[in-house]
Amino acid sequence: MTVRAAWLLPDGQTRADTRLAPLGAMTPTSELASRSGVIAGGDPLTATPVASMQVQIGTGRALVQGTDAQGAYPVAVTAPETLTVADGDAQYPRVDSIVLRVLDPLFDTSEQTAVAVEVIQGTPSATPAAPALPPAALRLWEVTVPAGASAGTGGINWASALADRRRYTAAYGGIIPRGWGLNFPGAYDGQYRDTGTGLERWSASVGAWQPYPADTGWIDLPLPTGYARFSANAYPLQIRRAGAQVHLRGRITRTAGPIPADGQPLPGLTLPAAYRPSQSPTSYAEVLFGCDVSSTYPAGVVRGEISGRGTITAAFQRPVSTWLAFGCSWWTD
């Protein structure tokens, strides 16, 4: 057999089935159910066109969940499987699904005990959609079959017809790899998933995925006394915390009062406690956080300083006429 399942065959699970199938506690979706999905590692269950109407599904492992009472089936495809897609409808296109499917007569009406990679045909339509799946089936790929497609007419343009629908699962406590679709809830507080660009943590109290490390996004800071936004629609003075790193940005223009002397705080501009540096700096060597030092700014702002665990201090090397720019980052507690 090239498609094997554990905990399915009535005549006994072989030693090879047990070695090849992904066994163990997997990512839960409820008290008794597990998340169906492909087991990451290499490029599992990939699709490779081999003829005008044929595609080959590569080796890989997965978990296919039935009903809660039915449980989950660990599955392994140990050799590539070649599938033939049926000819297209004479009038309309359709979308077929390539699935990993388990048949178990104890829970369905198939009267078969089997596991297979197969094609489930969609319904031809002017606006075709993928077919609904039967129980205990995991969608891997979708194939858009044009009207009239056949081996005699040139077949399927696989480069544009194939759509990757593999989603992934992991062992309990593991990070779920990025796959097709992010619109699914977490199963428990503190679960993690990979979005493709970062991590998210499921918050049961909020009922949503949240960036990890926690990210406040850009938040406007109150303008210091005697200063205004540099322009009406640009350069707001903003702060952001992503995990333990804090970013400050903005450009403000002086409207009244004298310019603070070198090393003196800007009146009325103090960092909230959660954004303050982890320790008070004692010299410029410790407080130069990559603020803009470009000489192209006509006002000559060259440096910003965080001082006294929370007060923004202006520090200048050249006279500043009417505005200040900030672009700094630092670590906090």
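Up top you'll find the structure we're talking about.
Summarised in this report is the structure supplied together with it. From a predicted model like this one, the values you see are computed outputs, not experimental measurements.

Looking now at the packing of aromatic side chains. Scanning the model with the defined rule gives four aromatic pairs in all. With 5.1 Å between their ring centres and 80° between their planes, Tyr-192 and Tyr-212 make a pair best called edge-to-face. With Tyr-192 in strand E13 (residues 192-194) and Tyr-212 in strand E15 (residues 208-212), this residue pair connects regions lying 20 residues apart in the sequence. Taking the centre distance of 5.4 Å and the plane angle of 70° together, the rings of Trp-202 and Trp-209 count as edge-to-face. Exposure class is identical for Trp-202 and Trp-209. Each is buried. What links up through ring pairs into an aromatic cluster is the set Phe-184, Trp-202 and Trp-209. We note Arg-35 situated over the ring of Phe-184; from NZ or CZ to the ring centre the distance is 4.1 Å. In this structure, Arg-249 packs its charged tip against the face of Trp-218, placed 3.8 Å from the ring centre.

Below, the discussion takes up the sheet that holds strand E14 (residues 199-203). In spatial order, the strands read E13-E14-E15; together these three strands make up an open sheet with antiparallel pairing. Edge strands, defined here as strands with exactly one partner in the open sheet, are E13 and E15. Each neighbouring strand pair of the sheet contributes to a mean axis angle of 35°, computed without reference to strand direction. As paired elements, E13 and E14 share three bridges and run antiparallel to each other. Across the sheet, residue Tyr-192 finds its bridge partner in E14, namely Arg-201.

The rules behind each value
- Residues numbered from 1 in each chain as written.
- Predicted model: local features only at pLDDT ≥ 70, side-chain atom pairs only at ≥ 80, totals over all residues.
- Heavy atoms only, no water.
- Phe/Tyr/Trp six-rings, centres within 6.5 Å; stacked < 30°, edge-to-face > 60°.
- Helix = DSSP H or I, 4+ residues; strand = E, 2+ residues; numbered from the N terminus.
- Buried < 20%, exposed > 50% of the residue type's maximum accessible area, 1.4 Å probe, protein only.
- Lys NZ or Arg CZ within 6 Å of the ring centre and 35° of its normal.
- Pairing = 2+ DSSP bridges.
- Axes fitted to C-alpha atoms, helices over the stretch in contact; angles between N-to-C directions.

Just geometry here; none of it tells us what the structure is for.
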